[in-house]
Amino acid sequence: MKTVVSSLFLGITLTLWVAALVFGDTAGPVPMPGMVTMLELGADKCIPCKMMAPIIAELKTEYAGIATIAFIDVWKNPDAAKKYGIRAIPTQIFFDQDGREVERHTGFMDKVRIVDMFTKLGAAKEKKADLARGRQVQ
């Protein structure tokens, strides 16, 4: 019986973990301590959110280790909409490295504007290259 319960628990845990990866819902802290963070609040079925999904996926890869990008589906998690004061989706909230909200945008946001915001907040891809070469970045 213990084995069945353990297997069931492991299966549920893995399913939730895979769903978080596929659908992008964040399970970690937002904003991420010590990192520039972009939080997008939207919905999996929202058309502008769907349009942004490939952009967000690219940026997560390109800015890994430099900035954190999180997504919360507010239709599945209505408490998040209340917590962040969301009135329309998608809404992107940018936090600096100290966890302070510095910018908020509602509606579709293209990759260039997101990259510009990351650069403005000090999360430039050049820092990733410097870190890879072992240089100290300030």
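Scroll up to find the structure.
What you see is a predicted model; the values in this text were computed from it and never measured.

Observations concerning the nonpolar core
So, step 1. Membership of the largest hydrophobic core comes to 17 residues, with the highest contact counts inside it found for Met-38, Phe-94, Ile-114 and Phe-118.
So, step 2. For this core, the secondary structure elements donating two or more residues are β1 (36–42), α2 (47–62), β2 (67–73) and α4 (111–120).
So, step 3. Ranked by the residues each element gives to this core, the list is headed by α2, at 4 residues.
So, step 4. Those residues in contact with Met-38 that lie beyond four places of it in its chain are Met-52, Ile-56, Thr-68, Ile-69, Ala-70, Gln-92, Ile-93, Phe-94, Ile-114 and Phe-118.

A short note on the side chain of Thr-37
So, step 1. Relative to the helices and strands, Thr-37 is located in strand β1.
So, step 2. In contact with Thr-37, other than residues within four places in its own chain, are Val-30, Pro-31, Met-32, Thr-68, Ile-93, Phe-94 and Phe-95.

Here's the deal with α4
So, step 1. Taken as a whole, α4 has its buried residues at Ile-114, Met-117 and Phe-118. For α4, the angular spread of buried residues about the axis comes to 100°, placing them on one side. Relative to its buried face, α4 has exposed residues pointing more than 90 degrees away, namely Val-112 and Lys-120.
So, step 2. Residues of α4 that are buried sit in contact with β1, α2, β2, β3 (91–95) and β4 (101–106).
So, step 3. Capping of α4 at its N-terminal end is provided by Asp-110; its side-chain oxygen lies 3.2 Å from the backbone amide nitrogen of Val-112.
So, step 4. A positive backbone phi angle near 90° is found at Gly-122, which sits one or two residues after α4.

Describing the sheet that holds β3
So, step 1. What the 4 strands build is an open sheet, ordered β2-β1-β3-β4; its pairing is mixed. Both outer strands of the open sheet, β2 and β4, are each paired with one neighbouring strand and no more. Between one strand axis and the next, the sheet turns through 15° on average, direction left out of account.
So, step 2. Relative to β2, β1 is paired through 7 bridges, and the arrangement is parallel. Considered in β2, the bridge of Gly-42 is made with Asp-73.
So, step 3. Against the sheet, α2 touches β1, β2 and β3, its axis set at about 160° to β1.

Cut-offs used in this document
Residues numbered from 1 in each chain as written. Predicted model: local features only at pLDDT ≥ 70, side-chain atom pairs only at ≥ 80, totals over all residues. Heavy atoms only, no water. Core = buried A, V, L, I, M, F, W, Y, C linked by side-chain atoms within 4.5 Å. Buried < 20%, exposed > 50% of the residue type's maximum accessible area, 1.4 Å probe, protein only. Helix = DSSP H or I, 4+ residues; strand = E, 2+ residues; numbered from the N terminus. Contact = heavy atoms within 4.5 Å. Arc of directions from axis to C-beta. Polar contact = N/O pair within 3.5 Å; in protein donor to acceptor, adjacent residues only side chain to side chain. Pairing = 2+ DSSP bridges. Axes fitted to C-alpha atoms, helices over the stretch in contact; angles between N-to-C directions.

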